[in-house]
Amino acid sequence: RKLTAEEKATIDLFNSNTPSVVYITNMQQKRDVFTLNAVEAPTGAGSGIVWDGDGHVVTNFHVINGANELRVTTQDQDVYPAKVIGFDEDKDIAVLKIDYANKLPGKDGTIKTSSHDPTLRPLPIGTSSDLLVGQRVYAIGNPFGLDHTLTTGVISGLGREIQSGNTGRPIDGIIQTDAAINPGNSGGPLLDSSGRLIGINTAIYSTSGSSSGVGFALPADMVTGIVEQIITTGRVTRPIMGITFAPDQAVEQLGLGGVLVLDAREGGPAWRAGVKATSRDSAGRLILGDVIVELDGALIKDSSDLYRTLDKLSVGQEIMMKVMRGENKVDLQLTLDDLKDQ
């Protein structure tokens, strides 16, 4: 069969990178309706990327969310248990570690014996900082645990913003592609023409729920920073203000612009800075709290602006904040805490 040079390059890229893409099964405990016995059943699945030679696998948080047990199936149909090392639900990233020592039975009920070292080949990590709209990309997935799939397309947009399906926080810097991304491909890699990781496939927008819409991928540079934090410390460091705030729609209905503080956690950064929370007077009337309109020099029009600005700041940083307190604009100084102190 005569293949073009481009076809050969695509086939080589697919064959050399499929060993680095695994199938992840999310097992959760369910109660049998007849016997009332607790049984483990697969409730979700997705793809994952072999990150390094130490057994770390990177996938989407929503793929592993709520799991009692996780299983990783390799290209050779070997099945291993895996445990969660850490995750960032805001950015939809999770890091697992494969337990090579305790191989599990496959779909046929038998434990396969391999003649080779089970350590899987890590995927080459590229950069997402120099991507261009129009460059060709390749999405590899392992949606059913049986065989890998490849879809191709181009980068159709950069710097997009989507909402985290886990927490509702905005994720910016997203890569948009027209390469078909099926739901089972979540957590799989988006590669450039050299076979390097430039993103992790995370979501599709379509009316049917299939891959006929627009695909999105988390940029590799963001993923790398988060994954390295998780592998080193087991968690993600993210600055917080220690507040709860009103939904944007409610603030809009009140005719306000900014973020209305409902509560400032006692001892938290906002509380220490003197932020006034929303309260009620002795007659039960609502007294609106401070409305955040500026943070570290950035204008804050809604909660997305607040999250976006916080993502650029670091734990322990001292920043200036402007709030509207009734008719007056008040300047406050606060020091950001770590997410773990929440």
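About the thresholds
Residues numbered from 1 in each chain as written. Predicted model: local features only at pLDDT ≥ 70, side-chain atom pairs only at ≥ 80, totals over all residues. Heavy atoms only, no water. Salt bridge = Lys/Arg side-chain N within 4 Å of Asp/Glu carboxyl O. Helix = DSSP H or I, 4+ residues; strand = E, 2+ residues; numbered from the N terminus. Core = buried A, V, L, I, M, F, W, Y, C linked by side-chain atoms within 4.5 Å. Buried < 20%, exposed > 50% of the residue type's maximum accessible area, 1.4 Å probe, protein only. Domains from an automatic or database assignment. Polar contact = N/O pair within 3.5 Å; in protein donor to acceptor, adjacent residues only side chain to side chain. Contact = heavy atoms within 4.5 Å. Phe/Tyr/Trp six-rings, centres within 6.5 Å; stacked < 30°, edge-to-face > 60°. Pairing = 2+ DSSP bridges.

If you check an unreviewed UniProt entry, the chain appears there as PDZ domain-containing protein from Micromonas commoda.

Draft legend 1. Quick peek at the pattern of salt bridges. Scanning all chains against the criterion turns up eleven salt bridges. Across the pair aspartate 90 and arginine 238 runs a salt bridge whose closest N-O atoms are separated by 3.2 Å. Residue aspartate 90 is located in the loop between strand 5 (79–88) and strand 6 (93–98), and its partner arginine 238 is located in the loop between helix 3 (220–233) and strand 13 (239–240); the two are separated by 148 residues in the primary sequence. We note a salt bridge from arginine 235 to aspartate 338, for which the minimum N-O separation is 3.0 Å. Pair noted here: arginine 235 is in the loop between helix 3 and strand 13 and aspartate 338 is in strand 22 (residues 337–338), with a separation of 103 residues, a long-range link. One network of salt bridges, with partners in common, ties together Asp88, Asp90 and Arg238.

Draft legend 2. Spotlight on the nonpolar core. Judged by nonpolar contacts, the single largest core of 25 residues is most densely connected at Val58, Ile93, Leu218, Val223 and Val227. Element by element, the count of residues in this core is highest for helix 3, at five residues. Looking at which domains feed residues into this core, each of domain 1 (16–98) and domain 2 (135–233) gives three or more.

Draft legend 3. The side chain of aspartate 192, seen in detail. One can find aspartate 192 in the loop between strand 10 (189–191) and strand 11 (197–205). You can call aspartate 192 buried: its relative accessible area is 7%. There is a polar contact of 3.0 Å between the side chain of aspartate 192 and the backbone nitrogen of serine 194. Here aspartate 192 is in contact with Leu13, Gln135, Arg136, Tyr138 and Ile198, once residues within four sequence places are set aside.

Draft legend 4. Looking closely at the packing of aromatic side chains. Going through the model one piece at a time under the given rule, you end up with three aromatic pairs. Considering the side-chain rings of phenylalanine 61 and phenylalanine 87, the 4.8 Å spacing of their centres and the 35 degrees angle between planes classify their relative orientation as tilted. Of this pair, phenylalanine 61 sits in helix 2 (residues 61–64) while phenylalanine 87 sits in strand 5, placing them 26 residues apart in sequence. Using a relative accessible area of 40% as the deciding quantity, one classes phenylalanine 87 as partly exposed. Relative to tyrosine 307, the ring of phenylalanine 245 lies with its centre 6.0 Å away and its plane at 65 degrees, an arrangement referred to as edge-to-face. One end of the pair, phenylalanine 245, is in strand 14 (residues 243–245); the other, tyrosine 307, is in helix 6 (residues 303–311), and 62 residues separate them in sequence. Given a relative accessible area of 22%, phenylalanine 245 falls into the partly exposed group.

Draft legend 5. Expanded view of the pairing of strand 18 (residues 291–295). Strand 18 sits mainly inside the fold: five of its five residues count as buried. As defined by bridge partners, strand 15 (residues 259–264) adjoins strand 18 across two bridges and the pair is classed as antiparallel. Counterpart to leucine 260 in the pairing with strand 18 is valine 291. Here strand 18 pairs with strand 20 (residues 318–325) via four bridges, running antiparallel. Its bridge partner being in strand 20, leucine 295 is matched across the sheet by methionine 321. In this sheet, strand 19 (residues 298–299) lies alongside strand 18 in antiparallel orientation, the contact comprising two bridges. The residue of strand 19 that forms the bridge with glutamate 294 is leucine 299. Here strand 18 hands over to strand 19 after two residues, with aspartate 296 in that stretch at a positive phi of 50 degrees.

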